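Spelled out, the chains give:
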Amino acid sequence: VKLITKGIALSLAFASTATIGCGGEDADDPFGTNTLIILQRPARNEMGDIFQYTSYRAGAHIIKLSPPTADGIQTRICCDQDPAFAEADIGAFDLSFDADELEDGTMVGQMVFSAKLTASDNYGLFMMSLSTGAIEQLPTDSQRDFVYPTFLAGGKIAFVTNEAVDEVIGGQPNQQPQHMDEYERGTTTQLGFMNNDGSDMVLGPRNLSHRVFPTPLANGRVLFTQWDHLGTQNAGHLMTTNPDGSVLREVFGKEGTGITNSYLKAVEVAPGRVLAIGSSRDRTVQSGAILDIRLGEVRTLTSDESITGYAGTWRRGSVVADRNQSEENASYRILTANVPLGREPSADRVGRYYDAYPLNAKDYPDLLVTWADGPVESGVLGAAGLSADFGVYLYDSQRQTRTPILNTTENWEVSPRPLRPRTAPLPIAESLPDALAQGGALIGSMNAYDSSLTQIPAGSIYGVRVYEGFSSEEGAPMDFGTREQEGHALLGIAPLHPDGSWAAVTPANVPIHVQMIDRFGLAQVTEPVWTSGRAGESRFCGGCHESRTGNTLIQPGITQAVASGPVEMMHNVRRDLRQSTQFTRDGAIGVPWDTAVQGVFDRNGCANAGCHDGTLNGANWGVTLTEDATGMSVDFIFDLSGEPVNITLGELMITGYTKSYISMAGFMMEDLEEAGISLTPMPGSPPFRPGMVPEFEYRNSPTAAKVNPVQQYPTQDVSVRAFPGAPDAAHGGLTANDHYILGLAGDAGLNFISRENQGSY
Amino acid sequence: MLKSKMQLAAVAFAILASASVASAGRGGSANKIRNAVATGSVDAIIAEIERAEHLVCQDCGDIMTNLLDHDRYEVRQAAAWWFAKRPSVKTVYITQMTDDLASGTPRVVRNAADFLGTVKALGSIPALTTAYRGMGDVEARRHIIRGVGRMANQAGNALLVEGMADADATVRTEAVRWYRDILRQTDATPMFGLLADADETVRANAATSIGGLRGAGARAQLEDLVVNDPSAVVRRNAAWALGRIGDAASRDALTQARNDASGLVRRTAAAALGQLR
C-alpha cells in the first residue's frame, strides 16, 4: 500500500472533467441536480463505536433541499405523512438508481431507509415512493435490528442485521443464536439481501464480529466494513461479496496494509476506487478523515471509456484503479489534512467528517460531505455537555475547502445525496447451490501447495484441518484463554490428494479457518482469518493464499478431491452437538483444557514429584512477577498439575485457569507490561518459555521438542517420530492419542475453554 | 457559544495527553477510566472499560465497582463484563450480588440482577426468582427478568414464564422477548396466552417470539390478530409469525392482510404468503 502525496500532472490537466452519470461536470452545477436529499437526526453524543447501530433519539426526518445552497428551501419528505413515524429515528437511507426530479419538481423513484419507530422498538427497513410519499415497511423480524439499507442492481437491496441465519438440519430450520462479540458484547450484524418488495430475504454467511456499511460497486459486488477481531487484532477492514452473500474477498486494510484502525462508510468513486472514512474504532462519533483509496493500478482515462466488468461509461479525466487490484498495488490519499486518524480530539476548524459522497471522479474529486467542527470526540463533548454538530458542505478536496450548504444547531444533517439518476451496477446472478455442498458449504482448493505467502515443500502436507469459530453467545462470559483467541471446534480433516487438492463440506454460515497439517498432525500453515460460506456455496480457491489477481478456474471433476467426493464435516450436526465424544484422534472436536489436556498430563504422571511439580528442579522454569511500583512479588513455577492457579499481586489476579494451563500458555505479557509488572527468572531457573507457545505452532513449541510427536496419519504409529531422535525416557511414554490431543490444543489457539467445558466457567 | 468553546478547549487539552489508537483490550488506565467517567459520556466510559479489559491496576476494582451502580444499563453491563474476565473477583461478586438480591433496595437489586445476568451466574437463578416474587418495584423486576434472560439458559425458563404473568406490561414484554432467545428453546406454548394480552406491546412481542420459535399451535390466534387486532404493529408481527410458521391454512388471513390499511403490514403479509408451504 502506498501513500499518494502529490497529484499527478495528467490529472491536473483534466481537472475540470468528470464521470458520465456521476454529475458534477459543470463548475456552476457541481451536483448535477437542483435538489439534495439529506437525513436530519436529532443531535446526540452517543453512537457507540463504529460498529454500533442502535442509537436512538426521536425526531429524525429526511428532507430535500432545493436548490442545494445555504438559502435553499428545506422540505420534509419523510416521514410526517405517516403517524407511525411520530417518534421515529432514522439510521440511514439510500435512493434508487432511477431516483430523479422532473422539471416540474415532481420526484420519481424510491427511497429505502432504516428507522426505529419507538424507543422500545428495533430498527426496521422501509421503502418510500418519492412520487407519492407512501411508506411501506419491508418484512423483518421486529425483535432484531435491520440497518444500513442500500440499493443493488436487479431490484434488490442489501442491509445488515443482527438476525441469525437459521441452521438447517435434516431439512428442518433450527434457530441458532447470533454471534455475540466477547469484546464489546454486541450481537453481531451480518449482511442480508432481499428484493425491493421485501421478498426472498437471504442472510449472508457470518463473521464472528460485525459487518456494517454495505455499498454497491459498479461491478455488481458489494463493499462493506468487517470487524476483524482475531487474537489481539481489533480493526475494521474493507471486504467485498457478491449480492447474495457468496464469494467474500478481502479488499483493503488487512494483514498490516492499512493506515488506521478502521475504514467505514465506503462509497465508490470509480472502478477500483472508493472513498472511506478512516478512524479509530471508538470515541469519534463514527467520524474521521476522508480517504481516497485506490485498489489497483491507477490510471487516468484519456477518453470516455466503458470499462469491462463495470457498469457505466466513465468520462475522460476520471481516475480509476480497476486493473491489477491487490494489496500490493493498493494506494490511498488522505483528503482531509490534519483530521486525526486516531481517537484523539480534533482541533478547531479541523473537526471530523461523518461521511462523504463523490460528485465526480477527478484525481481530487469534489465531494458532498458531512462535517462537524471541534474535537468530535465523545469524552470532550460529554464533559462540555455538547454534541457534535454535523452539517452538509461542498468539499473541494484539492484545495481542502468547505462551502456550507446546510447546518442547523439542533439536528445533525448527514448523508447528503444528489437527487439524480445513477447508473445501476452490473447484475450478478445468484450463485446456484452446488450439489456437492449438500446444503452445507463446499470448501477446498485445487492445489494447497500453491501459495503466495509461503513455500510449502511438495509432499509435506497430509491434509487440511478445518475449525469452526464461536464466541460468547454460547455461554462463556470470560476469555477462552490467555492467548485471546476465539472459541475453536474442529470440524474435520480433509486429506490432501496427490494433485494437491482437497475438499470438504462444512456447516453453512459458520466462521471457519483452516490450517494445513503434516502426517504428525502438526500445523504447518495456519490461515490467519475467519471466513464462511452460505448454504450451497462452493468456496473453492486455487490454493492457500494463491495470488488474488489470478483467476481460479474450477472444473469439478478435474481435481481428485472433487472427483472422489468432499469430506463430510458435520454439516448436518446441530451446532451445540458439535462436541468431542472422546479425546482421541478421531473423537476430539473441542479441546477443553481441564479434562482433555489435563487428562494427558495426569495419565502420564507429568506432575508427579520430581517431574513438573511446581518446584524449581531443573525441569521447571520459575519466574518472579514483581510490581514495579511497590516491589511486591510473587513466584510462579512450571507445574503440570490441574490445580487452580491463583496469583495475586497487588491488584493483579490470575485465576480461572489451571497451573498447567499457565505453564503451557503463559501469561498475557502485554497486560503485565501495561500494569508495570516485570517478570524475571528465579535464580537457577531454566529460561522462561511457556510449554506450548506460540499458538497455532505446536510444532515449534518446547513441548513438541520434548515429546517428539508421533505419526498420526494415515495411521497412528508411535515408532515414527516428527523430529530426529527419540525422546528421553521421561517424555517418551505418551500414546498416539495423547500426542494428538496436545498438538490439537496448541494448534487450535491454545484455549482453556471449549464448547465442552464452557458451562463450568 | 464562547462558553462552549472554552469548555471544549479545556477538556480537549486534558484528553489529548492520553490519546492513542484503539486496540483490543489494551491501552487503558485507571486515570483514563476516571477521566471518561468525569466526562459523563457513555461512549467514552464504555470505550475505556473495554480498553481496560485485561488491565491490572490498583484502583480499577473500586472504579468498576462504582460503575456497577451507574445510572445507565449499558455502563453497568460493561463494568460487569470487566469483572467476568476476572474469575476469582467475579466469584466474590456473585456471592455479594446474590446476597444483595435478598436484602437490597430496588436499585441494588436491579444492579445485582444486571451483574448476575452479564456474568451468566446460573447458580443465582433461585435467588433471582425469590427476589422477583418479593419485589414491588417494576424496574427491579424488569431487570431481574432481563438478567435471567441474558443467561440464555433453560434453567431460567420457569422465571421467564412467571414474568409473562407479571402485573406490569413492561415486565411481561421483557419476559416474552428473552424467552425466545434461550439457547435451544423450542417450546413456544408458554407465550400463546400473551397474544390476548391487553397491552399491544406485549401482544406484538408475543407474536414475534412465537414466530421466532415457529409456534404452530398459535396459528389460529395469529390469523385472528393479523386481521382484527387494532394495532398495526401487532398485525405486522402476526403476519411475520405466520410466514415463519408457513402453514398454507393461513393463506386467507394473510391475503386479507396484504391489503391492510397500514403500510407497516402489507409487505410483511405479502412476504409471508410467499413462505407458505
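Before reading further, recall that the structure is shown in the block above.
The text that follows walks through the structure, step by step, so that each part is easy to find.

Rules behind the numbers
Residues numbered from 1 in each chain as written. Chains lettered and ligands numbered in written order. Predicted model: local features only at pLDDT ≥ 70, side-chain atom pairs only at ≥ 80, totals over all residues. Heavy atoms only, no water. Helix = DSSP H or I, 4+ residues; strand = E, 2+ residues; numbered from the N terminus. Buried < 20%, exposed > 50% of the residue type's maximum accessible area, 1.4 Å probe, protein only. Contact = heavy atoms within 4.5 Å. Areas by Shrake-Rupley, 256 points an atom, 1.4 Å probe, with all protein chains shown as cover. Polar contact = N/O pair within 3.5 Å; in protein donor to acceptor, adjacent residues only side chain to side chain. Salt bridge = Lys/Arg side-chain N within 4 Å of Asp/Glu carboxyl O. Pairing = 2+ DSSP bridges. Disulfide = S-S within 2.5 Å. Phe/Tyr/Trp six-rings, centres within 6.5 Å; stacked < 30°, edge-to-face > 60°. Lys NZ or Arg CZ within 6 Å of the ring centre and 35° of its normal. Arc of directions from axis to C-beta. Buried area = accessible area lost by both parts, 1.4 Å probe. Nonpolar A, V, L, I, M, F, W, Y, C, P; charged D, E, K, R; others polar. Core = buried A, V, L, I, M, F, W, Y, C linked by side-chain atoms within 4.5 Å. Axes fitted to C-alpha atoms, helices over the stretch in contact; angles between N-to-C directions. 1 Å grid on protein atoms, 1.4 Å probe; cavity = no way out; pocket = protein on both sides within 12 Å on 5 of 7 lines; lining within 4 Å. Points joined across faces, edges and corners; volume = space filled by probe spheres on them.

Quick notes on the overall build of chain B
Looking only at helices and strands, chain B features 16 helices and 0 strands. Sorting the 277 residues of chain B into buried and exposed places 60% on the buried side. Considering only contacts within chain B whose residues lie at least 6 apart along the sequence, 64% involve residues at least 24 apart. Here chain B has roughly 10,400 Å² of accessible surface; of this, 54% comes from carbon and sulfur atoms.

Some details on the environment of A:S678
Residue and element names in this part refer to chain A. Among the secondary structure elements, S678 is positioned in strand β46 (residues 677-681). Overall, S678 belongs to the partly exposed group, its relative accessible area being 27%. Placed 219 residues apart in sequence, S678 and G459 show a C-alpha to C-alpha distance of 45 Å. Residue contacts for S678: discarding those within four places in its chain leaves T624, L625, T626 and D628. A distance of 3.0 Å separates a polar atom in the side chain of S678 from a polar atom in the side chain of D628.

Overview of the pattern of salt bridges
The full count for this structure, using the stated rule, is 60 salt bridges over all chains. For the salt bridge of A:D166 with B:R214, the shortest nitrogen-to-oxygen distance reads 2.7 Å. Highlighted residues: A:D166 in the loop between β12 (156-161) and β13 (167-169) and B:R214 in the loop between α12 (200-212) and α13 (219-228), drawn from two different chains. The class for A:D166 is buried, based on a relative accessible area of 17%. With a closest N to O distance of 2.9 Å, B:R146 and B:E174 form a salt bridge. Placement of B:R146 in helix α9 (residues 138-151) and of B:E174 in helix α11 (residues 169-180) is noted, with a sequence separation of 28 residues between them. In this structure B:R146 comes out as buried when scored by relative accessible area, which is 16%. Taken together, the shared-partner salt bridges connect A:D49, A:R281, A:D282, A:R283, A:R343, A:E377, B:E48, B:E50 and B:R51 into one network.

Observations regarding the pairing of strand β43 (residues 633-637) of chain A
All names here are of chain A. In the sheet, strand β42 (residues 622-627) pairs with β43 via 5 bridges, with the strands oriented antiparallel. Bridge pairing links L625 to V634 in β43. Count of turn residues in the β42/β43 antiparallel hairpin: 5 residues, of which G631 carries a positive phi of about 80 degrees.

Some points on the sheet that holds strand β41 (residues 567-568) of chain A
Residues and elements named next belong to chain A. Overall, mixed pairing links the 4 strands, which are arranged β40-β34-β37-β41 in an open sheet. Of all the strands in the sheet, just β40 (538-541) and β41 have a single pairing partner and so form its edges. One ladder, built from 5 bridges, connects strand β34 (residues 441-445) with strand β37 (residues 502-506); its direction is antiparallel. Bridge assignment links G444 to a residue of β37, and that residue is A503.

Some details on the state of the cysteines
All names here are of chain A. For the structure shown, the criterion picks out 1 disulfide over all chains. The disulfide that involves C78 links it to C79, with 1.8 Å between the sulfurs. The sign of the 50 degrees torsion about the S-S bond sets the C78-C79 disulfide as right-handed. With respect to burial, C78 and C79 carry one shared label: buried. For C606, which is in no disulfide, the shortest distance to another cysteine sulfur is to C611 and amounts to 7.6 Å. For C606, a relative accessible area of 17% translates into the label buried.

Here we look at the packing of aromatic side chains
The description of an aromatic ring pair rests on the distance of the ring centres and on the angle between the ring planes. As enumerated under the stated definition, the model contains 29 aromatic pairs over all chains in all. Relative to A:F667, the ring of A:F636 lies with its centre 5.8 Å away and its plane at 80 degrees, an arrangement referred to as edge-to-face. With A:F636 in strand β43 and A:F667 in the loop between α5 (659-665) and α6 (669-674), this residue pair connects regions lying 31 residues apart in the sequence. Both residues of the pair, A:F636 and A:F667, belong to the buried class. Pairwise contacts between aromatic rings join A:W593, A:F601, A:Y657, A:Y661 and A:F752 into one cluster. Looking at A:K265, its charged tip hangs above the ring of A:Y354, at a distance of 3.2 Å from the centre. Above the face of the B:Y73 ring, B:R146 is positioned so that its terminal group lies 4.5 Å from the ring centre.

Points about helix α8 (residues 125-134) of chain B
Residue and element names in this part refer to chain B. What α8 keeps buried is the set I125, L128, T129, A131 and Y132. Projection of α8 onto a plane perpendicular to its axis shows the buried side chains occupying an angular sector of 165 degrees, all on one side. Exposed side chains of α8 directed beyond 90 degrees from the buried face belong to P126, T130, R133 and G134. Where α8 is buried, its residues touch α6 (87-103), α7 (106-118), α9, α10 (157-163) and α11.

So, the interface of chain A and chain B
Opposite the 84 residues of chain A that make contact, chain B presents 74 residues. Where chain A abuts chain B, roughly 6,400 Å² becomes buried across the two surfaces, and 49% of that area is made up of carbon and sulfur atoms. Linking chain A to chain B there are 13 salt bridges. The interface formed by chain A and chain B contains 24 residue pairs in polar contact (both at pLDDT 80 or more). When contributions to the side of chain A that touches chain B are tallied by element, the ones reaching two or more residues are β9 (124-129), β10 (135-137), α2 (378-384), β45 (652-654) and α6 of chain A. Among the elements that make up the side of chain A that touches chain B, the one with the highest residue count is α2(A) (7 residues). Its residues placed into classes, the side of chain A that touches chain B shows 27 nonpolar, 27 polar and 30 charged.

Describing the nonpolar core
Grouped together as the largest cluster of nonpolar side chains are 176 residues, with contacts concentrated most on A:I62, A:C78, A:M111, A:F113 and B:L222. It is helix α5 (residues 73-84) of chain B that contributes the most residues to this core, 8 residues altogether. For A:M111, the residues in contact, after removing those within four places along its chain, are A:I37, A:I62, A:I77, A:C78, A:F93, A:D94, A:L95, A:F126, A:M127, A:M128, A:L130 and A:F151. Residues A:Y467, A:V514, A:C606 and A:F752 belong to the second largest nonpolar core, which totals 72 residues.

Things to note about the side chain of A:H210
Relative to the helices and strands, A:H210 resides in the loop between β16 (202-203) and β17 (211-216). Apart from residues lying up to four places away in sequence, A:H210 is in contact with A:F51, A:Q52, A:Y53, A:E184, A:G186, A:T187, A:T188, A:T189, A:T225, A:Q226 and A:W227.

Considerations on the sheet that holds β42(A)
All names here are of chain A. If you walk across this open sheet you meet the 3 strands as β43-β42-β46, and the pairing is antiparallel. Looking at which strands have only one partner, the edges of the open sheet turn out to be β43 and β46. With strand direction ignored, the average angle separating the axes of adjacent strands in the sheet is 25 degrees. Direction of pairing for β42 relative to β46: antiparallel, over a ladder of 5 bridges. Note on β46: the bridge partner recorded for V623 is P681.

Describing empty space enclosed by the protein
The rolling of a water-molecule-sized probe over the atoms marks out the regions of remaining empty space. All names here are of chain A. Counted under the stated rule, the structure contains 7 cavities of 30 Å³ or more. Looking at the largest cavity, its volume works out to about 940 Å³. Looking at the largest cavity, it is lined by 49 residues, and the ones nearest its centre are T215, A266, V267, Y357 and R417. Looking at the lining of the largest cavity, the elements with two or more residues in it are β2 (36-42), β5 (89-95), β11 (146-152), β17, β21 (262-270), β29 (352-358) and β33 (411-418).

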